Amino acid sequence: MLKGEMPSTVTAEERFRQLYDQHAGLILMYFKRRTDSETAQDCTAETFLVAWRRIDDVPDEALPWLYGVARRVLQNQRRSRGRMARLVSRLRGLEPPRVPSPEVAVIRRFEDAELAEALARLRREDQELLLLANWEELPHADIGRILGCSAHAVDQRIYRAMRRLARGLADAGQKQSGMTTPATQPRGKGHD
């Protein structure tokens, strides 16, 4: 470089290539000491994907930073494997589904439609709460974190939402049959 010339700036792509060339082997060995070869390759690729996406955040001393990213990638990979193992275990315990008779299929479709309609008539907050608890199968403590309340409050909200859903299903069934029961009759004076 001649005196008075500005130093050339390194592009993000060039910096990434240098980073990869210098440290990819070390990061791969980090993973190989902790997991199988195929997973080590995948985790190395994911680590450098994070580095590419955050190239402006990579410090000059990049190796410790890369090890930190690698550690988090490995933790995520292990959590994912754990979830997969639990799912496979649950699925192995299930019997193969039996094909229902046409009568059962028609009844089930009718009941599912009634449930979906009753759920749709609930307030949006109740719908979300019931879906998180029953479809997503989240623990009440996690639902509480999502909604910003305690697990105990979630228990109470789910109980009330389930009661409203049951009333909605009962009301739909009575409208179908044209009958009313004392529990569903409108409350007037003298009723508590």
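Along every chain, residues carry numbers that run from 1 in the direction the sequence is written. The predicted nature of this model means local features are confined to residues of pLDDT at least 70 and side-chain atom pairs, given and counted, to a pLDDT of 80 or more, with totals for whole chains, interfaces and linings taken over all residues. Each side-chain value is worked out from all heavy atoms of the structure, with water and hydrogens disregarded.

### Topic: the overall build of the protein chain
So, point 1. Helix numbering and strand numbering both begin at the N terminus, where a helix is a DSSP run of H or I of at least 4 residues and a strand a DSSP run of E of at least 2. The helix and strand inventory of the protein chain stands at seven helices and zero strands.
So, point 2. The helix and strand sequence of the protein chain, counted from the amino end, reads α-α-α-α-α-α-α.
So, point 3. The buried label applies to any residue whose accessible area, calculated with a 1.4 Å probe on protein chains only, is under 20% of its type's maximum; exposed applies above 50%, and partly exposed to all values in between. Buried residues in the protein chain amount to 26% of all 192 residues.
So, point 4. Once local pairs closer than 6 in sequence are excluded, the contacts in the protein chain between residues at least 24 apart make up 58%.
So, point 5. A 1.4 Å probe and the Shrake-Rupley method give the accessible areas. Residues count as covered only by the protein chains that appear here. Accessible area of the protein chain: about 14900 Å², with a carbon and sulfur share of 54%. Should any heavy atoms of two residues lie within 4.5 Å, those residues are considered in contact.

### Some words on the nonpolar core
So, point 1. Core analysis: the largest hydrophobic core is formed by 20 residues, its most contacted members being Leu19, Phe31, Phe48, Ala51 and Leu66.
So, point 2. If you list the elements that add at least two residues to this core, you get α1 (12-32), α2 (37-53) and α3 (62-92).
So, point 3. Judged by nonpolar contacts, the second largest core, of 14 residues, contains Leu119, Cys149, Ala153 and Ile158. Definition of nonpolar core: a set of buried residues of the types Ala, Val, Leu, Ile, Met, Phe, Trp, Tyr and Cys, connected through side-chain atoms within 4.5 Å.

### With respect to the pattern of salt bridges
So, point 1. Salt bridge, as used here, is a side-chain nitrogen of Lys or Arg placed within 4 Å of a carboxyl oxygen of Asp or Glu. Per the counting criterion, the structure on display carries seven salt bridges.
So, point 2. A salt bridge links Arg54 to Asp57, with the nearest nitrogen and oxygen atoms 3.2 Å apart.
So, point 3. Residue Arg145 is joined to Asp142 by a salt bridge in which the shortest nitrogen-to-oxygen separation is 2.4 Å. Residue Arg145 and its partner Asp142 are both found in helix α6 (residues 140-147); the two are separated by three residues, about one turn of the helix.
So, point 4. In this structure Asp142 comes out as partly exposed when scored by relative accessible area, which is 27%.

### Brief notes about the packing of aromatic side chains
So, point 1. Classification of ring pairs uses Phe, Tyr and Trp, with its six-membered ring standing for Trp, and accepts pairs whose centres are within 6.5 Å; under 30 degrees between planes counts as stacked, over 60 as edge-to-face, and the remaining range as tilted. All told, the structure shown has six aromatic pairs when counted by the stated rule.
So, point 2. Here the aromatic rings of Phe16 and Trp52 are separated by 5.4 Å at their centres, their planes lie at 75°, and the arrangement is edge-to-face. Taken together, the residues span a long stretch of sequence, with Phe16 in helix α1 and Trp52 in helix α2 at a distance of 36 residues.
So, point 3. By relative accessible area, which is 18% here, Phe16 ends up buried.
So, point 4. Consider the rings of Tyr30 and Phe31, whose centres lie 5.3 Å apart with planes at 80°: the pair is edge-to-face. Note on accessibility: Tyr30 and Phe31 belong to one class, buried.
So, point 5. The structure contains a cluster of three or more aromatic residues connected by ring pairs, namely Phe16, Tyr20, Phe48 and Trp52.
So, point 6. Across from the ring centre of Tyr30, 3.8 Å away, lies the NZ or CZ of Arg34, which sits over that ring. Here, a charge over a ring is recorded when the distance from Lys NZ or Arg CZ to the ring centre is within 6 Å and its angle to the ring normal is within 35 degrees.

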